[in-house]
Amino acid sequence: MQLSLRQEWVDERLAFNKMASYKNYNINSITLTEQERLWKPDLFFRNEKEGHFHKIIMPNVLLRINGDGAVLYSIRISLVLACPMDLKYYPLDKQNCTIEMASYGYLDDDLKFIWKEKNPVQINQPLTLPRFTLETFGTAFCTSRTATGAYSCLRVDLIFKREFSYYLIQIYIPCCMLVIVSWVSFWLDPNAIPARVSLGVTTLLTMATQISGINASLPPVSYTKAIDVWTGVCLTFVFGALLEFALVNYASRSDAHARMQQARQEEELRARELEFQQRQQLAAAAALAQHQQRNHHHHAQYATYGANQAQVSPARLYWAKCSSLISHPPSLAPNPFIHLRLLRWR
């Protein structure tokens, strides 16, 4: 950051408005070019990492002495300050960066820094930063206590809010698109194995590359960030889509195997039923043929008996009748007509 540091103090030894030699010149202030001969506070920046003065074209330093001994010391410097960040809510976070200024060698009893009453901190407007917006700022006192004593200290608190639009375009929308693309596999045919596998693996690798790019731009921290939760959920959805295909493929192959076994069992059952029906038909045909053969044999016997009956004489028939009457008394004799019928049947 680049800033102009202004310090004011009163050194009564430098008051010249009461000197008789300066009353006739009507001089209100004097600007010095040799600042090394004048006492200045030993201020330093506690959280400074790098810094330098500006010397183009001339050194950017102003040292002005007023008639009452008030000294104004202004210098233009560029600093690189340490700002510890809390990235738990990244990229929806706010960071508090401080500028701490303290005395290096004078104790608090010898030298005390105080803020100006009106507008102690002035910021050029508009202040533009690549990824942050200065939300607010404030001043405070921070007495530095070390083993050598207590030293006066001033602090400027700068509250920066991170711009979300950049991360929305670069991180959130691409992650959402990758998740939606991975869901396209749900509408593909389960038998289209190459298409679904290539789509799932491609989205998974792309999501992993996106996560690696995000973490490469951040310092490694030991806690979980908000962006880690987001990318982790997106990666879980993408991996779940690929796992869903594996489960669906396994279930479809299991169902197909079960259907094949069921079809095979039904085919065996139909073959057994057909074989049983054929056996029944053969048995029925054999029984019918046997029955027809018996009927044919009976018809042949009936024909032979009829021919024999036609050759029997009436006398023989009369003798058979008389023999029947003798063997059976009249009271016990059967009906002659029935007897003749039976005799004829026999």
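None of these values were measured; they are calculated from a predicted model.

Chemist: Would you mind going over the overall build of the chain with me for this structure?
Modeler: Secondary structure summary: the chain contains 6 helices and 11 strands in total. Here the chain holds 346 residues, and the buried ones make up 23% of them. In the chain, of all internal contacts separated by at least 6 residues, the share reaching a separation of at least 24 is 74%. Accessible surface for the chain amounts to roughly 25,400 Å². Of this, 59% is attributable to carbon and sulfur atoms.

Chemist: Would you explain the pairing of strand β5 (residues 61-66) in this entry?
Modeler: Along any regular strand the residues' side chains alternate between the sheet's two faces. Strand direction decides the pairing type here: strand β2 (residues 29-31) and β5, joined by 3 bridges, are antiparallel. The residue of β5 that forms the bridge with Ser29 is Asn66. Between the end of β5 and the start of strand β6 (residues 70-81), which pair antiparallel, lie 3 residues, with Gly69 showing a positive phi angle near 95 degrees.

Chemist: Sorry if this is basic, but what is going on with helix α2 (residues 165-183) here?
Modeler: Taking 1.5 Å per residue, 19 residues should reach 27 Å; α2 reaches 26 Å between its end C-alpha atoms and fits that length. Taken residue by residue, α2 has Tyr167, Ile171, Tyr172, Cys175, Leu178, Val179 and Ser182 as its buried positions.

Chemist: Hey, could you run me through the pattern of salt bridges in this one?
Modeler: Note that side chains of opposite charge can pair when their charged atoms are close. One pass over the structure, following the stated rule, counts 9 salt bridges. One salt bridge in this structure joins Arg46 and Glu100, with 3.6 Å as the shortest N-O distance. In this pair, Arg46 sits in the loop between β3 (43-45) and β4 (48-53) while Glu100 sits in strand β7 (residues 94-103), placing the two residues 54 residues apart along the sequence.

Chemist: Help me understand the pairing of β7 in this model?
Modeler: With 8 of its 10 residues buried, β7 lies for the most part within the structure. Sheet topology places β3 next to β7; 3 bridges connect them, and they run antiparallel. Paired with Leu43 across the strands is Ser103, a residue of β7.

Chemist: I would appreciate a short explanation of the packing of aromatic side chains in the present structure.
Modeler: Think of a pair of aromatic rings as described by two things: how far the centres are apart, and how the planes are tilted against each other in angle. Applying the stated criterion across every chain yields a total of 9 aromatic pairs. Consider the rings of Phe132 and Phe160, whose centres lie 6.3 Å apart with planes at 75 degrees: the pair is edge-to-face. Note that Phe132 is positioned in strand β8 (residues 132-141) and Phe160 in strand β11 (residues 153-162), a separation of 28 residues in sequence. Its relative accessible area of 13% is what places Phe160 among the buried residues. The rings of Trp9, Trp39 and Tyr106 are connected pair by pair, giving a single aromatic cluster. Over the face of the ring belonging to Tyr73 we find Lys40, whose NZ or CZ atom lies 5.8 Å from the ring centre. Geometry around Tyr223 places Lys88 over its ring, the cationic atom sitting 6.0 Å from the centre.

Chemist: Can you help me understand the state of the cysteines in this one?
Modeler: Any covalent bond linking the sulfur atoms of two cysteines counts as a disulfide. Applying the stated criterion across every chain, the model contains 2 disulfides. Disulfide pairing is shown between Cys83 and Cys97; the S-S distance is 1.9 Å. One disulfide, between Cys83 and Cys97, carries an S-S torsion of -85 degrees and so falls in the left-handed class. Taken as a pair, Cys83 in the loop between β6 and β7 and Cys97 in strand β7 lie far apart in primary sequence, 14 residues in all. Covalent S-S linkage joins Cys142 and Cys153, the inter-sulfur distance amounting to 2.2 Å. Given an S-S torsion of about -50 degrees, the disulfide between Cys142 and Cys153 has left-handed geometry. Highlighted residues: Cys142 in the loop between β8 and β9 (144-146) and Cys153 in strand β11, separated in sequence by 11 residues.

Conventions we followed
- Residues numbered from 1 in each chain as written.
- Predicted model: local features only at pLDDT ≥ 70, side-chain atom pairs only at ≥ 80, totals over all residues.
- Heavy atoms only, no water.
- Helix = DSSP H or I, 4+ residues; strand = E, 2+ residues; numbered from the N terminus.
- Buried < 20%, exposed > 50% of the residue type's maximum accessible area, 1.4 Å probe, protein only.
- Contact = heavy atoms within 4.5 Å.
- Areas by Shrake-Rupley, 256 points an atom, 1.4 Å probe, with all protein chains shown as cover.
- Pairing = 2+ DSSP bridges.
- Expected span 1.5 Å × (residues − 1).
- Salt bridge = Lys/Arg side-chain N within 4 Å of Asp/Glu carboxyl O.
- Phe/Tyr/Trp six-rings, centres within 6.5 Å; stacked < 30°, edge-to-face > 60°.
- Lys NZ or Arg CZ within 6 Å of the ring centre and 35° of its normal.
- Disulfide = S-S within 2.5 Å.

In short, geometric facts, not functional conclusions.
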